[in-house]
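# Architecture and fold: a report
Here's the letter readout for the chains.
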Amino acid sequence: MSIMLAIYTTTLFLSAALMFLVQPMFGKMVLPLLGGSPAVWNTEVVFCQSLLLLGYLYTHVTSRWLDIRRQALLQCFLIFLPLLVLPIGIQRGGLPPQGVNPIPWLLSLLAVTLGLPFFVVATTSPMLQRWFSATSHPKAGDPYFLYAASNAGSLVGLLGYPVLLEPYLPLEVQGWAWEAGYGLLVLLMLACAVTVWRSPRSQPHDQSRAAGREASRNPRPVTFSRPIRWMLGAFVPSSLMLSVTTYLSTNIAPVPLLWVIPLAIYLITFILVFARRTFVPHSAMVRIFPAVVLPLSIVIIFQATQPIWLMVAIHLIALFVTSMVCHGAVANDRPETAHLTEFYLWVSVGGVVGGMFNAFLAPVLFPTLIEYPLVLVGGLLLLAWPERGKQFPFKWSDVAFPAGLGVLAGGLILSIGTAPFAANPLSQAVLWGVPATICYSFSARPLRFALGLGALFVASSFYTQGEGSLLHRERTFFGVHSILLDSQGSYHLLSHSGTLHGKQSLEPSRRCEPLTYYHMTGPLGQLFAAFRDEATGWRVGAIGLGTGSIASYRKPGQEWTFYEVDPTVVKLASDPRYFTYLSDCSSDVKVVMGDARLSLTQEPSHQFDLLVLDAYNSDSIPIHLITQEALQLYLDKMTDHGLLIFHISNQYLDLSPVVGNLAQNQGLVCLLQNDLNLSEQQRLSGKEPSQWAVMARNLEDLGSLGDDPRWERVRGSDGPVWTDSYSSIFNVLK
């Protein structure tokens, strides 16, 4: 009996580990093809959730139509099919279309490359639990504890990728390693099928005849409302998990490590709530839920990003508690074993719908990341839906009090929030502290608290935080683009998911003046000034367009080419209603659509005298643009005396050791300037703090910059060089 249990547990553990190892592995394979956008991971997660749903549906249907032994025979045939398409990898030449939404292309690539192996592995968990329930094992009456073993394997697979596979194995070898793991899974599945055929019982364990705890505790029939509760209980954590992932990837870096942390927390909650032993009481999570959600709501309203450790902690803790509350409600309401496959099917439906809501529907329905607070409120409303009976009978005050709170918050915003002293800490304390305190007083009644929190979010839409007036907003696969008129009416600003990406003066005499990080007195301006005489006839390549600010440095006789992955950025930078750097200052520059690394491979070698790397998704630089392989590509496209300049400004990461190691590895000279301490006058002139690094093959190629005290020599550190197969942000966190 113990051997049988070990076989089932090991098989479930391995299948889940393989399922969650392959997701970050494939995401890293495809990320460079789509400019390092965080939406790549969200799209892949939804695709995998959909395949998981199909796997559960397949298990549910075959369980209804076939007896255990015939189902085992069918599964033994199915598990050999993925061997025809393994190892997992992306074929050369498979490039996304340019200028259109890449999601359909990405989904088709996922279906062809990942679809069959992932689907087969996805059928394992519910099917093996059904098989186990048909054995004569003493625990066959309650196989739900195997779900915890499955989720433990998922967690190990997720965390094992950035710790064990990503740092040490090239992507191609990772694909072969996954295939070897799948081969082992095939052998274990065959062993489980043997136990089914040798079992004296041919039908799943009938809990109505069992004296187990589960049957006596929860004998209720599966009515219409119960599957809806299961689905909603899975919907909320799935949606929140992707919202937190988007926050981390957009503001820090789109790397597998930051992808897996929210998903790992999501899985941990499944492990805890389905474990045979209760480690965290559900009632305790419900009690602290309001105290966790309210601070997160204030962070979302303020769009706070500092200090980063605190902000990340608030988002992750709220994700954990919310998932524990929702998944706990689902686990407590699980039915008897006869409805096991149906139960998992509905839970999977909720996860898929939650993922689709974030990845596909929300970008179309909402101009900003409204889905995050919306689903938070939805999680609270789920608590207000009584599981048995009416613990919280409806009262009109549950609607009237939140409405009054919304009016109060809106009044405070329109009075205090627009006053000259609005930024004063005392004003902010009154503005948000009073409504938040009142909202928390509603926490004893879930419906009242949920509607109160929703009222705060609605009122916050009138709060501008001194940003100026909104002229245009557009949400795409690559993020939220906003064009603002500053509060003084002097500048147009381009913001990408809350990070400033450039601005232009509305004063006619300053229309061609580069501002923000590209100011003439900043590092980039110093470089162009140092090579003013030599730059005639230069061929310049710029990775990242933004507002087109650096095009104002173009001189007659020079050839400029911009590489931009986001068609919306090109559209906005070319619209004279907002920005005129391209039309007024340098009308004949060339713009090439697509990921820069892919586009540069099509360019002739040794053509650029200067390459400017200035590509960002919000505040995160795409990692695949600052790796050893990327640098080798840049050097191949540069002339023998060409220059390569990196914009490495970042709130959270110190990228100077990264570029220093890259330069040292290639035998290049690297200079760095931290232009961070600006005077008030400089800021008023439109300048922003920035950090730049410039590389060349020889010190002489850097001209007068080599003797400029503002530029310091950067040498490599003891850390490893970033490659397409390895990058670690832990070593460069500020």
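You'll find the structure just up there.
Keep in mind that what you see is a predicted model, and the values were worked out from it rather than measured. Every chain is numbered on its own, with residues counted from 1 as its sequence reads. The model is predicted, so local features are restricted to residues of pLDDT at least 70 and side-chain atom pairs to those at 80 or more, both for listing and for counting; the totals for chains, interfaces and linings are taken over all residues. Based on all heavy atoms of the structure, the side-chain values leave hydrogens and waters out of the count.

The next point concerns unusual backbone geometry. In terms of backbone geometry, most residues other than glycine have negative phi values and most peptide bonds are trans. Look at the link from Leu-86 to Pro-87: it is a cis peptide, with omega at 5 degrees. One non-glycine residue, Thr-516, lies in the positive phi region at around 55 degrees. Mapped onto the elements, Thr-516 comes out in the loop between strand S4 (499-505) and helix H19 (523-530). Throughout, exposure labels follow a simple rule: accessible area from a 1.4 Å probe, protein chains only, divided by the maximum for the residue type, with under 20% read as buried, over 50% as exposed, and the rest as partly exposed. Thr-516 sits in the buried class, given a relative accessible area of 0%. Although it is not a glycine, His-606 adopts a positive phi angle of roughly 55 degrees. Its place among the elements puts His-606 in the loop between helix H22 (596-600) and strand S8 (608-613). By definition, any uninterrupted DSSP run of H or I lasting at least four residues is a helix, any uninterrupted run of E lasting at least two residues is a strand, and each is numbered from the N terminus.

The next subject is the nonpolar core. Within soluble globular proteins, side chains that are nonpolar generally end up buried alongside one another. As used in this record, nonpolar core signifies buried Ala, Val, Leu, Ile, Met, Phe, Trp, Tyr and Cys residues forming a set joined through side-chain atoms within 4.5 Å. One finds Trp-131, Trp-178 and Tyr-182 to be the most contacted residues of the largest nonpolar core, which totals 146 residues. Discounting residues that sit within four places of it in the chain, Tyr-182 has contacts with Leu-18, Ile-79, Pro-82, Leu-83, Leu-86, Val-120 and Val-121. Within the second largest apolar cluster, 40 residues are counted, among which are Val-540, Leu-643, Trp-692 and Trp-711. In what follows, residue pairs with any heavy atoms lying within 4.5 Å of each other are defined as contacts.

The next subject is the environment of Val-293. Counting through the fold element by element, Val-293 comes out in helix H12 (residues 282-302). In sequence terms Val-293 and Ile-314 are 21 residues apart; their C-alpha atoms lie 9.0 Å from each other. If sequence neighbours within four positions are ignored, Val-293 has contacts with Thr-322, Leu-376, Leu-380 and Leu-453.

Our focus in this paragraph is the packing of aromatic side chains. Each aromatic pair joins two rings of Phe, Tyr and Trp (for Trp, the six-membered one) with centres within 6.5 Å, and gets the label stacked for planes under 30 degrees apart, edge-to-face for over 60, and tilted for any other angle. For the coordinates displayed, the defined rule picks out 15 aromatic pairs. Ring geometry for Tyr-266 versus Phe-270: centroids 5.5 Å apart, planes at 85 degrees, classification edge-to-face. Pair noted here: Tyr-266 and Phe-270 are both in helix H11 (residues 256-274), with a separation of 4 residues, about one helical turn. Across the pair, Phe-270 and Tyr-266 agree in class, each one buried. Relative to Phe-562, the ring of Trp-560 lies with its centre 6.2 Å away and its plane at 40 degrees, an arrangement referred to as tilted. Phe-562 shares its class with Trp-560; the two are buried. Each member of the aromatic cluster is reached from another via a ring pair, and the members are Phe-528, Tyr-553, Trp-560 and Phe-562.

Below, the discussion takes up the pattern of salt bridges. Salt bridges are defined as contacts in which a side-chain nitrogen from Lys or Arg sits within 4 Å of a carboxyl oxygen from Asp or Glu. Under the counting rule described, the total for this entry stands at 11 salt bridges. Here Asp-588 and Arg-554 are joined by a salt bridge, their closest N and O atoms 2.9 Å apart. In this pair, Asp-588 is assigned in the loop between helix H21 (581-585) and strand S7 (590-593) and Arg-554 in the loop between strand S5 (539-543) and strand S6 (559-564), connecting sequence segments 34 residues apart. Among the residues examined, Asp-588 registers a relative accessible area of 49% and is labelled partly exposed. Given the relative accessible area of 18%, Arg-554 is considered buried. Here Lys-687 and Asp-675 are joined by a salt bridge, their closest N and O atoms 2.9 Å apart. Taken together, the residues span a long stretch of sequence, with Lys-687 in the loop between helix H25 (680-684) and strand S11 (690-696) and Asp-675 in strand S10 (residues 669-675) at a distance of 12 residues. A relative accessible area of 2% places Lys-687 in the buried class. Within this structure, Asp-398, Arg-445 and Arg-448 form a network of salt bridges that share partners.

On to the state of the cysteines, then. In plain terms, two cysteine sulfur atoms within 2.5 Å form what is called a disulfide here. Going through the model one piece at a time under the given rule, you end up with 1 disulfide. The residue that forms a disulfide with Cys-512 is Cys-585, at a sulfur-sulfur distance of 2.2 Å. Taking the sign of the S-S torsion, -100 degrees for the link of Cys-512 and Cys-585, the bridge is left-handed. With Cys-512 in the loop between S4 and H19 and Cys-585 in helix H21, the pair connects residues that are 73 residues apart, well separated along the chain. What makes Cys-512 partly exposed here is its relative accessible area of 36%. Classification of Cys-585 as buried rests on a relative accessible area of 18%.

Taken together, the side chains of Leu-381, Trp-396, Val-399 and Leu-451 define a hydrophobic patch exposed on the protein surface, amounting to about 390 Å² of accessible area. Examined against the element boundaries, Leu-381 turns out to sit in helix H15 (residues 371-384). Patch membership needs two things, relative accessible area over 30% and no salt bridge, and members are linked within 9 Å if like-charged or within 5 Å if nonpolar (Val, Leu, Ile, Met, Phe, Trp, Tyr). For accessible areas, the Shrake-Rupley method is used with a probe of radius 1.4 Å. Any residue's cover is judged against the shown protein chains and nothing else.

Among all positions of helix H24 (residues 656-666), only Ser-656, Val-658, Val-659, Gly-660, Asn-661, Leu-662 and Ala-663 are buried. Here the buried face of H24 lies against helix H23 (628-637), strand S9 (638-647), S10 and S11.

This paragraph deals with the sheet that holds strand S12 (residues 712-713). The pairing of strands in a sheet comes from backbone hydrogen bonds and takes either a parallel or an antiparallel form. Two strands qualify as a pair provided DSSP detects at least 2 bridges between them. Here 8 strands make up an open sheet; going across it, the order is S7-S6-S5-S8-S9-S11-S10-S12 and the pairing mixed. Each end of this open sheet is capped by a strand with a single partner; those strands are S7 and S12. Bridge analysis of S10 against S11 gives 7 bridges, and the strand direction is antiparallel. Note on S11: the bridge partner recorded for Leu-672 is Ala-693. Packing against the sheet, H19 makes contact with S6, S8, S9, S10 and S11, and its axis sits at approximately 35 degrees to S11. Axis lines are fitted to C-alpha atoms, over the contacting stretch for helices. Their N-to-C directions set the angle, which ranges from 0 to 180 degrees. Contacts from H23 reach S5, S8, S9 and S11, with the element oriented near 135 degrees to S9.

Once that is clear, we can look at the pairing of S6. Two faces belong to every sheet, and in a regular strand the side chains alternate between them. In terms of residue burial, S6 counts as a mostly covered element, since 5 of its 6 residues are buried. With 5 bridges joining them, S5 and S6 adopt parallel strand pairing. Looking across to S6, one finds that Val-540 is bridged to Trp-560. Here 4 bridges tie S6 to S7, and the two strands are oriented parallel to one another. What sits directly across from Thr-561, in S7, is Lys-590.

Read from one edge of the open sheet, 4 strands run S1-S2-S3-S4, paired in antiparallel fashion. Here the strands that pair on one side only, and so sit at the sheet edges, are strand S1 (469-476) and S4. For this sheet the average axis-to-axis angle between neighbouring strands, irrespective of direction, equals 15 degrees. Here S1 runs beside strand S2 (residues 479-485); their pairing, made up of 7 bridges, is antiparallel. In the sheet register, Thr-476 faces S2, and the bridge partner there is Gly-479.

Next up on the list: the packing of helix H5 (residues 115-122) against helix H8 (residues 171-198). Contact geometry of H5 with H8 gives a least axis separation of 12 Å together with a crossing angle of 35 degrees. Here H5 and H8 pass one another in a crossing that is left-handed. Residues Pro-117, Val-120 and Val-121 of H5 touch H8, and the partners they reach there are Trp-178, Tyr-182 and Leu-185. Each residue belonging to the contact of H5 with H8 can be placed in one class, and the counts come to 6 nonpolar, no polar and no charged. Take the far helix as the reference: if the near one is turned anticlockwise from it by less than a right angle, the crossing is left-handed, and if turned clockwise, right-handed. Asp, Glu, Lys and Arg are counted as charged, while Ala, Val, Leu, Ile, Met, Phe, Trp, Tyr, Cys and Pro are counted as nonpolar; the rest, among them Gly, fall into the polar class.

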